[in-house]
Amino acid sequence: MEVEPPLYPVAGAAGPQGDEDRHGVPDGPEAPLDELVGAYPNYNEEEEERRYYRRKRLGVVKNVLAASTGVTLTYGVYLGLLQMQLILHYDETYREVKYGNMGLPDIDSKMLMGINVTPIAALLYTPVLIRFFGTKWMMFLAVGIYALFVSTNYWERYYTLVPSAVALGMAIVPLWASMGNYITRMSQKYYEYSHYKEQDEQGPQQRPPRGSHAPYLLVFQAIFYSFFHLSFACAQLPMIYFLNNYLYDLNHTLINVQSCGTKSQGILNGFNKTVLRTLPRSKNLIVVESVLMAVAFLAMLMVLGLCGAAYRPTEEIDLRSVGWGNIFQLPFKHVRDFRLRHLVPFFIYSGFEVLFACTGFALGYGVCSMGLERLAYLLIAYSLGASASSVLGLLGLWLPRSVPLVAGAGLHLLLTLSLFFWAPAPRVLQHSWIFYFVAALWGVGSALNKTGLSTLLGILYEDKERQDFIFTIYHWWQAVAIFVVYLGSSLPMKAKLAVLLVTLVAAAASYLWMEQKLQQGLVPRQPRIPKPQHKVRGYRYLEEDNSDESDMEGEQGQGDCAEDEAPQAGPLGAEPAGPCRKPCPYEQALGGDGPEEQ
Amino acid sequence: WTIPDCIIADSLLFPNLSYYIPFCTSAPGLHLLASCSNVKNLNQTLKRVPRNTEVLCLQGMVPTLPAKAFIRFHSLQLLRLQLRTTSVTSRTFQGLDQLQYLFFDHHAPCCLSLFLSPNCFESLRSLSSLSFQGYCLTYSQSIYLPTSLRHLTLRNSCLTKFQDLQRLFPDLLLSTSSTPNIKPGAPFLETLDLSYNLQLKQAGVRDLYGLTLHSLILDGTPLKALDLTDSGLLHLHFLSLVGTGIEKVPASLTGYSELRALDLGKNQIQNILENGEIPGYKALEFLSLHDNHLQTLPTRFLHTLPQLQKLNLSMNKLGPILELPEGLFSTNLKVLDLSYNQLCDVPHGALSLLSQLQELWLSGNNISSLSNESLQGLRQLRTLDLSWNQIKVLKPGWLSHLPALTTLNLLGTYLEYILGIQLQGPKMLRHLQLGSYPILDIYPPWPPTLLSLEIQAESCIQFMIHSGQPFLFLENLTLETSILLLKPDNITIHFPSLRRLTLRGYSFIFSTSQLQRFFPQQLPLLEHFFIWCENSYAVDLYLFGMPRLRVLELGYLNFFYESSTMKLEMLLKEVPQLQVLALSHLNLRNLSVSSFKSLQDLKLLLFNSERALEMNSNLQEFIPQMPQYVYFSDVTFTCQCEASWLESWATRAPNTFVYGLEKSICIANASDYSKTLLFSFLATNCPHGTEFWGFLTSFILLLLLIILPLISCPKWSWLHHLWTLFHTCWWKLCGHRLRGQFNYDVFISYCEEDQAWVLEELVPVLEKAPPEGEGLRLCLPARDFGIGNDRMESMIASMGKSRATLCVLTGQALASPWCNLELRLATYHLVARPGTTHLLLLFLEPLDRQRLHSYHRLSRWLQKEDYFDLSQGKVEWNSFCEQLKRRLSKAGQERD
């Protein structure tokens, strides 16, 4: 076999040619510059390119994994801490002995209000924040705010808990919106890197064909949601390894509980005021909080160090340069798009169902019948079910995209209907497997719902210029739903179930209608994304005297794009491509990858 | 929780706690009791008292009771106020619907003036007993009394005449002029207590008209005689004239004939109407003449009392020999009390006429022996009290004439032994109390149906038992001695139905195996166990086989004795139903959670007189399961921070009332007499800011972790500017000498052709030390690049390490590849690191713009920035040097 020559001359193992070359080139100041910096003769450009893009693709996968893990850890820590603290604070003895007349229930309710109400304002600032900081940095910042919330739980006072809860509430929508945006963007990048050849042929200005990134998007969203749903299980670890040792069993906690399930009213009426058999010592609590804090730190570092930027710096500059007023307005302008309008019920339902699983079902059915000590296992069942079945989102690779979504909705429909007629007896453990089974099934539905919606949004809105708006709207509606659940937490279970059911049916119907409209070839109106107005100095100082551009071209481009975008071709709606889109100067200038972070 | 100066108790546990609640009494059927002393601010104190309190006693200094003071306490039934109150508003007692007993007490010398608003009792719909003690109601009038009122007390007040009552409570009495009909809505008073009204001298005619009292108590008043009919009282049953200084039994007064009970104790009656008029006490059933000066029995008087059932003649001087003439007492007499009358002997048959007598009290006399003849004829006698007499010997069969006797008290005798035969006679002897001074030997057989047995002997009690089970029905056993012996050695006694066991002793009666021999097996029904052993030795006490034990009191058991193997947790392991645990003088030293782990039902825990008690910090976890009431009295703690949980527990735990910790002191070691309060020690010496520091540290770390990457991210130029600004300020603050990362001031790029000019003209000007030159450190490629280094690398590195780059441009320079490269690099840096790079251009000869056009960045640079044109002598050399220096120093500063 012939030995393939190494791509680069290896130090110390230089072959005869290399040596010769070395000797042949005159050294010193007299050496011709070309020869010094020139390529090696056996430089295989194609192979280099392939390797380069493979590295890039691996980088993208690494980005997705790191972002998913980081966010999972953060959310798990946050949920676990919140759950633990709420249980601890619920206990009258603990509260009185540790906090006395501080008014902890009041602080807790204010904290919950901060977490649940603040996101309502998120529609106003989320796009601005995301564009200002950039997707990755927004994620990092939001993860940091979650970590700050964890940190304030060391020292629970009004002036620590409430401000941090408000800050957390502000960070919720930006975090998840930027996260969805990030994952979608990564799938697009992955497509770019795996189809670099076609792109080269088409030219850099040309956009990839519609829906081309969809398979990658499906895979990435499945990965992300498998991780994300694990966070509910992670959140139970403090409960399992710490808090469960201190809890009374169900015979004490549920002694006054009369009815469960569909007959119950509010959240756990008659639940005993004391749930702790023994009080945890401050030292142990500090240890637990420190572990959680360390995990939150780790998550921050992961997001900071391992997640690459979602856009090239130049792209980000472009995204920011459309004018802050426009950025502020654009989420509202997207309401013109009938696809989004049709999806709003689904967004709301998506918020409802998670919270119903975690509070309505877990507390009203599970804890009410099986005791607080089994809450952790119930939520773990939900979490594992959801995490495992997030992979089912991959069905979209073979089936029509509506199938997973509708399947999830159908599953939830069946479950909700059966929950209507189920009133488990308090303090009875015989049928506990049913609870775990229902929780896991609900998780399956949740996973289908979440992956389906996120991929759908990614497929419907491919523009990187508007993805953040879309995801902001999605998560804002979810936040609104969560707020509504928070408001209605004292309703009877039947009312909750009815609301859930109505929303679900409305959501599914509305979604199917939208699909039908699209198939009929109805074209949505999308707001125009304005042209970037650069005021930044830097690379762009040459732009002013860009002599290549004729006046006519500029005029024409502007004229074309002045109106709302009209459909160009195809039944699947319009894309802002083609002559309307003015190629960015940096694309001309660089023609390739900028100094991009990995 | 704890309330300063207050004590909360459940009345069920009252017997164990009465010592701590000196001025508060409860009433039967009431449970939760709160007693507060030193009350200054009533509302503040009452805020912390539990809402469902039924008994509330308040002591302190509250001159005016505010309106609605007790509105929270809907279930309050007894209220005792010792608040030196001087005024009560009309709405003070609003909301107390259930209140039954209301007491205003003032114990200082009489009397405190109290103003009552006329309708202040209007809302007390269930009030049945109202009492004023030590208060003058002079300024109040027309007070409305609830209709449910039954008992009214005005003790130690300043009433001068009964008509004051008319003024105070117009509802109560009918005015002298009105008809004798009972007013609608007026209370039906049963008892009126006006005792110790020292100025109540005169009883006017029809003063009490309209009252339908059952009892009238006039103890300690100067009223020696009260004409009941004249005063308007019709159906009085009980009249008490204790301590009024009466010398003769009131005789000629009307209305006494209906009296059923008359108490004339503590008077100076010497003999009753031996010669005078015989009063008509036809209906009298109870007569008390205790503590008078009677020397002989008032024979004639007693003859006239056909209904008499109880007669109390104690503490008179009827001795030394009791003589009861025939027919002296009515045949109904059931109770006769002759105690403390210095009687020496009861003659034979003296009591034989009292065939109905059920109780005979002879304690505190000098009786030395009683024979069966003395007690002849008392066939109904159930109770015989012979305690504290001089009895030295008991004749066999002395009880043979008392077949119905159930209770016999023989405490305080001088007996040395008691034979079972001596107690034979009564068939149903149930309650037996035996006491002797030095030693008591007890021989069988025992009365078979004994229910309670109390034996006291100072030094030794010795039981002689033949057969195993003499106490099958015994429920209550009290033994008080130093040494307890049981003979013969191989026998054990069984107490299968014992419920209450009290053991008091002074040395080691229980330390040896005696106790185990005495109570070897299970005491299945034992509920109350009291053991008090003043003993400096260790005690091996084990509580086993007492599954129903509810109350356990331990005193003076030395737990911390070196050789002692007994631990509290061992002791309490097998008493699962324990509810009350009182520990005093136990020398416990250490208290940990293991002691209480098995006690699920513990309600009351009482520590008394413990020294240097350490509360283990694992008790902290146990807080939710702590007993409902925990009392510390006279307990000193060890000063250590492990107990820092005590304060929050004591003051705030919702399910536990803690008493006595706030005044507890702690000692650091045995020789510490500083009397530090435990709580103040904990507050000053024990840091509790771990959480805060955890928060602060993590918060700052997080902020840094968030902010630093944001700052160092190159995208935000304004952040970057801020950062550089901060950096400069920092360096300026830290001193200007630090050059940082720059090794050179100026990197000079030139081609070989210009080298001569550079070395001769330029370098000296810039490099020489001031004042001749500028003192700048120059980097010349030909001179300063390291030998053997790659020229490219050195070039890049040196340019990076220089504050500014000076390019000497000539036609040759532009042709030279190295200069070309340096120029490109410099212009590239202009773009790549804007703001930090400084490029200076020096034209030595005029150059065509076109030639520079290939450096398009440069051409732009030249449009904006100025450059030095030295060609054709346009510029003076000196001024050029000046300019160059200025620019260089400016560049240097900016880069700093």
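My aim in this report is to walk through the structure given alongside it, one point at a time.

Parameters at a glance
- Here, residues in each chain are numbered from 1, in the same order as that chain's written sequence.
- Note on labels: chains are lettered from A, ligands numbered from 1, in written order.
- It should be noted that, the model being predicted, local features are given only for residues of pLDDT at least 70 and side-chain atom pairs only at 80 or more, the latter also being counted only at that level, while totals for whole chains, interfaces and linings use all residues.
- Neither water nor hydrogens contribute to the side-chain values; these are computed over all heavy atoms in the structure.
- Here a strand is any run of E in DSSP of at least two residues, a helix any run of H or I of at least four, and the numbering for each starts at the N terminus.
- We call a residue buried when its accessible area falls under 20% of the maximum for its residue type, exposed when it is over 50%, and partly exposed in between, using a 1.4 Å probe and counting protein chains only.
- Two residues form a contact once any of their heavy atoms are found within 4.5 Å.
- Residue-level accessible areas treat just the shown protein chains as cover; the underlying method is Shrake-Rupley with a 1.4 Å probe.
- Only strands that DSSP links by at least two bridges are regarded as paired with each other.
- For every element, the axis is a line fit to its C-alpha atoms; helices are fit only across the contacting stretch, and the angle between N-to-C directions ranges from 0 to 180 degrees.
- Note on aromatic pairs: the rings of Phe, Tyr and Trp (six-membered ring only in Trp) are paired at centre separations within 6.5 Å, and the planes decide the class, stacked below 30 degrees, edge-to-face beyond 60, tilted for the rest.
- Sitting over a ring, as applied to charges here, requires NZ of Lys or CZ of Arg to be within 6 Å of the ring centre and within 35 degrees of the ring normal.
- Residues adjacent in sequence count toward polar contacts only when both atoms are side-chain atoms; beyond that, a polar contact is any pair of N or O atoms within 3.5 Å, and within protein one must be able to donate a hydrogen and the other to accept it.
- Excluding any residue in a salt bridge, patches collect residues exceeding 30% relative accessible area, merging like charges within 9 Å and nonpolar Val, Leu, Ile, Met, Phe, Trp and Tyr side chains within 5 Å.
- Whenever a carboxyl oxygen of Asp or Glu lies within 4 Å of a side-chain nitrogen of Lys or Arg, that contact is scored as a salt bridge.
- By convention in this document, the label disulfide applies to cysteine sulfur atom pairs within 2.5 Å.
- By definition, the buried area sums, over both parts, the 1.4 Å-probe accessible area that each loses when the two are put together.
- In this classification, Asp, Glu, Lys and Arg are treated as charged, Ala, Val, Leu, Ile, Met, Phe, Trp, Tyr, Cys and Pro as nonpolar, and every other residue, Gly included, as polar.
- Among the buried residues, those of types Ala, Val, Leu, Ile, Met, Phe, Trp, Tyr and Cys that are joined through side-chain atoms within 4.5 Å form a nonpolar core.

## Quick word on the overall build of chain A
Assigned secondary structure in chain A consists of 23 helices and zero strands. With 598 residues in all, chain A has 55% of them scored as buried. Long-range pairs, those at least 24 residues apart, make up 89% of the contacts in chain A with a sequence separation of at least 6.

## Here's the deal with the overall build of chain B
Within chain B one finds 19 helices and 44 strands. Here chain B, with 896 residues, has 52% of them falling under the buried criterion. Intrachain contacts of chain B at a sequence separation of at least 6 include 59% that bridge at least 24 residues. For chain B, the exposed surface amounts to about 39800 Å²; the carbon and sulfur share of it is 53%.

## Considerations on the sheet that holds strand S42 (residues 802-809) of chain B
All names here are of chain B. Taken together, five strands build an open sheet; the order of strands is S41-S40-S42-S43-S44 and the sheet is parallel. Only two strands of the sheet have a single partner each, and these edge strands are strand S41 (778-779) and strand S44 (868-869). In the sheet, strand S40 (residues 744-749) pairs with S42 via five bridges, with the strands oriented parallel. Looking at the pairing, Ile748 lines up with Leu806 of S42. Sitting on the sheet, helix H16 (residues 817-832) is in contact with S40, S42 and strand S43 (839-843), with an inclination near 140 degrees to S43.

## Re the packing of aromatic side chains
Residues and elements named next belong to chain A. Counting across every chain of the model gives 53 aromatic pairs over all chains. Taken together, a centroid distance of 5.9 Å and an interplanar angle of 85 degrees make the contact between Phe228 and Phe232 edge-to-face. Placement of both Phe228 and Phe232 in helix H10 (residues 214-234) is noted, with a separation of four residues, approximately one turn of the helix. Grouping residues by exposure puts Phe228 and Phe232 together as buried. By the ring-pair criterion, three or more aromatic residues cluster together here, those being Tyr75, Tyr78, Tyr146, Phe149, Trp176, Phe224, Tyr225, Phe228, Phe232 and Tyr382. Residue placement shows Lys136 over the ring face of Trp137; its charged tip is 4.9 Å from the ring centre.

## A few points about the side chain of Arg80(B)
Here Arg80(B) lies in strand S5 (residues 78-82). Engagement of the side chain of Arg80(B) in a polar contact is seen with the side chain of Asp105(B), the distance being 2.6 Å.

## Digging into a nonpolar patch on the surface
Judged by side-chain polarity, Val219(A), Leu392(A), Leu395(A), Leu397(A), Trp398(A), Leu399(A) and Val403(A) come together as a nonpolar surface patch covering roughly 580 Å² of accessible area. Following the sequence through the fold, Trp398(A) ends up in the loop between helix H17 (375-389) and helix H18 (402-420).

## What about the state of the cysteines?
Residue and element names in this part refer to chain A. With the rule as written, the count across this model stands at four disulfides over all chains. Shown here is the disulfide that connects Cys260 with Cys368, its sulfur atoms set 1.8 Å apart. Between Cys260 and Cys368 the sulfur-sulfur dihedral comes to about -90 degrees; the bridge is accordingly left-handed. Here Cys260 is found in the loop between helix H12 (250-253) and helix H13 (282-306), whereas its partner Cys368 is found in helix H16 (residues 338-370), with 108 residues between them in sequence. With respect to burial, Cys260 and Cys368 carry one shared label: buried.

## Quick notes on the pairing of strand S35 (residues 604-615) of chain B
All names here are of chain B. Of all twelve residues that make up S35, ten are buried, and the element is covered over most of its length. Examined bridge by bridge, strand S33 (residues 580-584) and S35 share five bridges and lie parallel to one another. Directly across from Ser584, in S35, lies its bridge partner Asn608. Where strand S34 (residues 590-591) meets S35, two bridges bridge the pair, whose relative direction is parallel.

## Things to note about the interface of chain A and chain B
Each partner contributes residues to the interface: chain A has 46 residues there, and chain B has 42 residues. Summing both partners gives a buried area of about 4000 Å² for chain A against chain B, and 70% of it is carried by carbon and sulfur. The tally of links between chain A and chain B comes to two salt bridges. With a closest N to O distance of 3.0 Å, Glu621(B) and Arg281(A) form a salt bridge. On inspection of chain A and its partner chain B, the count reaches seven residue pairs in polar contact (both at pLDDT 80 or more). The set of elements that each furnish at least two residues to the side of chain A that touches chain B consists of helix H2 (33-37), helix H4 (92-99), helix H6 (122-133), helix H7 (135-152), H13 and helix H14 (313-320) of chain A. For the side of chain A that touches chain B, the element with the highest residue contribution is H7(A), accounting for nine residues. For the side of chain A that touches chain B, the per-class residue count stands at 27 nonpolar, ten polar and nine charged.

## What to know about unusual backbone geometry
Residues and elements named next belong to chain B. Phi at Tyr340 is positive, roughly 55 degrees, even though this residue is not glycine. Checked against the element boundaries, Tyr340 lands in the loop between strand S19 (335-337) and strand S20 (359-361). For Ala612, which is not glycine, the phi torsion reads 50 degrees and is therefore positive. On the secondary structure map, Ala612 appears in strand S35.

## Thoughts on the pattern of salt bridges
Considering all chains together, one arrives at 25 salt bridges over all chains under this definition. Of the charged contacts, one joins Asp105(B) and Arg80(B) as a salt bridge, the two residues approaching to 2.6 Å between their closest N and O atoms. Of this pair, Asp105(B) sits in strand S7 (residues 101-105) while Arg80(B) sits in strand S5; the two residues are 25 residues apart in sequence, bridging distant segments of the chain. Arg80(B) carries the same exposure label as Asp105(B), and that label is buried. Among the ionic pairs, Arg125(B) bridges to Asp97(B), the shortest N-O distance being 3.2 Å. Linking Arg125(B) in the loop between strand S9 (115-116) and strand S10 (129-133) with Asp97(B) in the loop between strand S6 (87-88) and S7, this pair joins segments that are 28 residues apart in sequence. Among the residues examined, Arg125(B) registers a relative accessible area of 61% and is labelled exposed. On the basis of relative accessibility, which here comes to 32%, the residue Asp97(B) falls in the partly exposed class. One continuous salt-bridge network, built from bridges that share partners, spans Arg185(A), Glu192(A), Arg312(A), Glu315(A) and Lys464(A).

## Points about the environment of Tyr437(B)
All names here are of chain B. Here Tyr437 shows up in the loop between strand S24 (431-436) and strand S25 (439-442). Sequence-wise, Tyr437 and Glu458 are 21 residues apart; in three dimensions their C-alpha atoms are separated by 5.6 Å. Not counting the four nearest positions on each side in its chain, Tyr437 is found in contact with Trp388, Gly412, Thr413, Tyr414, Ala457, Glu458 and Ser459.

## Some points on the nonpolar core
Ranked by internal contacts, the top residues of the largest apolar core, which has 376 residues, are Phe70(B), Phe93(B), Phe104(B), Phe121(B), Leu384(B) and Trp649(B). Counting residues per element, this core draws most heavily on H16(A), at 20 residues. In this structure, Phe104(B) is in contact with Leu65(B), Leu81(B), Val88(B), Phe93(B), Leu114(B), Phe121(B), Leu130(B), Ser131(B), Phe132(B), Gln133(B) and Tyr135(B), ignoring residues within four places of it in sequence. By size, the runner-up hydrophobic cluster in this structure holds 22 residues, among which are Val746(B), Leu762(B), Val763(B) and Phe880(B).

## Observations regarding helix H8 (residues 645-652) of chain B
For H8(B), the complete set of buried residues consists of Trp645(B), Leu646(B), Ser648(B), Trp649(B) and Ala650(B). Its buried side turned inward, H8(B) meets H4 of chain A together with S35, strand S36 (629-638), strand S37 (657-659) and helix H9 (678-685) of chain B.

## Re the sheet that holds strand S4 (residues 64-65) of chain B
Residues and elements named next belong to chain B. Spatially, the three strands line up as an open sheet ordered S4-S6-S9, and their pairing is parallel. Where the open sheet ends on each side, the last strands, each with one partner, are S4 and S9. Strand direction decides the pairing type here: S6 and S9, joined by two bridges, are parallel. Considered in S9, the bridge of Val88 is made with Leu116.

## Digging into the environment of Ser389(A)
Within the secondary structure, Ser389(A) sits in helix H17. Dropping the residues within four chain positions of it, Ser389(A) is found in contact with Gly443(A), Val444(A) and Ala447(A).

## Topic: the side chain of Ser609(B)
Residues and elements named next belong to chain B. Among the secondary structure elements, Ser609 is positioned in strand S35. Judged by its relative accessible area of 13%, Ser609 is buried. Among the polar contacts made by the side chain of Ser609, one reaches the side chain of Asn608 at a distance of 3.2 Å. Within polar-contact distance, the side chain of Ser609 engages the side chain of Asp634 at 3.1 Å.

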